[in-house]
Amino acid sequence: MVTPVHSADSVRHTDRMWDATGSLRTAIDGLEFLEQLGHGTLPLDAFRFYIEQDRLYLAGYTKALAILASRAPDATTAAFWATSAASAVDEASLHEQLLSGSALPPSDARVEHSPTCLGYTSYLIATAATEPYPVAAAAILPCFWIYADVAARLAGAAQDVLARDPEHPYARWVSTYDSDEFRDIVSAARTLVDEAADGATEAQREAMVDAFVIATRYELSFWDTALHPMPWSHSRSAVAP
Ligand SMILES: Cc1ncc(CN)c(N)n1
């Protein structure tokens, strides 16, 4: 057990991290993508693009969590991150169902990472592998916390969509993340990040805030670029099969 360096400090470090993303979260709340998702008016092709990218994201995120688990300070913490990695695989199966079902327009186009998706997953994997454990844990936290926060806000609008169409894919998305189970997981992840901050140096604590901000920027961009794509400036050449 590490003696907390900051025991006199009653403010949770994760609250500081959260506060540092205030303007980003205001921008997230105003995203057209989320407003249309909540109201069920998002174009289906934008949702398909988002789900396709998120499937790629989840593959990278799973690896980042597995690396984080391997660097955790104790077995219980390692088990939490490893279980989260396994849950991300379950989450991806929701995406598979959506992509292979009839709710979204069909597509057999080859899907490659968007710049945002590649940037985000590469950032999470590199941070998990090369940064001190507290910074790596801080970088992964927005993936939990921002999703729960957004889903809680969209839940009201999604109720109306669900009432009209219980199978609506957007309402299913909201109910996945607006659940007591997911809120408990977010709370446990926050506790682990606060514990990591207690044992961290001042420089690491600052780097934790930076990492949380960077990952939150990517969260914003991930939704935004699904409706307002920012593709690679040059596409790849087709290769004969
Ligand atoms: C981009 C992103 N961030 C977070 C989550 C929630 N695991 C997600 N599915 N996609």
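Our structure is the block above this text.
Everything numeric in this text was worked out from a predicted model, so none of it was measured. (Residues numbered from 1 in each chain as written. Predicted model: local features only at pLDDT ≥ 70, side-chain atom pairs only at ≥ 80, totals over all residues. Heavy atoms only, no water.)

Q: Would you take a moment to explain the overall build of the protein for this structure?
A: Assigned secondary structure in the protein consists of 10 helices and zero strands. When the helices and strands of the protein are read in sequence order from the N terminus, they spell out α-α-α-α-α-α-α-α-α-α. For 241 residues, the compact-globule formula gives about 18 Å, and the C-alpha radius of gyration of the protein, at 18 Å, lands near that figure. Its C-alpha atoms give the protein principal-axis dimensions of roughly 55 × 45 × 30 Å. Relative to its 241 residues, the protein shows a buried fraction of 48%. Taking as baseline every contact in the protein between residues at least 6 positions apart, the subset at least 24 positions apart corresponds to 85%. Surface summary for the protein: the accessible area is close to 11800 Å², and the carbon and sulfur share equals 56%. Charged side chains in the protein number 16 positive and 32 negative. The centres of these two groups are separated by 3 Å. (Helix = DSSP H or I, 4+ residues; strand = E, 2+ residues; numbered from the N terminus. Rg over C-alpha atoms; globule rule 2.2 N^0.38 Å. Buried < 20%, exposed > 50% of the residue type's maximum accessible area, 1.4 Å probe, protein only. Contact = heavy atoms within 4.5 Å. Areas by Shrake-Rupley, 256 points an atom, 1.4 Å probe, with all protein chains shown as cover. Lys, Arg positive; Asp, Glu negative; His and termini not counted. Charge placed at Lys NZ, Arg CZ, Asp CG, Glu CD.)

Q: What is the right way to read the site of the ligand from this model?
A: Inspection of the region around the ligand gives Asp54, Tyr57, Leu58, Tyr61, Glu91, Cys143, Tyr147, Tyr177, Glu219 and Phe222 as its neighbouring residues. Between the ligand and Tyr147, the relevant distance is 3.1 Å, taken from a nitrogen atom to a side-chain nitrogen or oxygen of the residue. Between the ligand and Glu219, the relevant distance is 2.8 Å, taken from a nitrogen atom to a side-chain nitrogen or oxygen of the residue. In the complex, the protein chains occlude 99% of the 290 Å² of accessible area that the ligand would expose alone. Judged by the fraction of its atoms near the pocket grid, the ligand is located in the largest pocket. At the level of secondary structure, the elements contributing two or more residues to the shell around the ligand comprise helix H4 (44-71), helix H7 (133-164) and helix H10 (202-227). With four residues, H4 is the single largest residue contributor to the shell around the ligand. Split by residue class, the shell around the ligand holds seven nonpolar, no polar and three charged. (Near = heavy atom within 4 Å. Polar contact = N/O pair within 3.5 Å; in protein donor to acceptor, adjacent residues only side chain to side chain. 1 Å grid on protein atoms, 1.4 Å probe; cavity = no way out; pocket = protein on both sides within 12 Å on 5 of 7 lines; lining within 4 Å. Sits in = over half its atoms within 2 Å of the grid points. Nonpolar A, V, L, I, M, F, W, Y, C, P; charged D, E, K, R; others polar.)

Taken by themselves, the reported measurements are silent on function.
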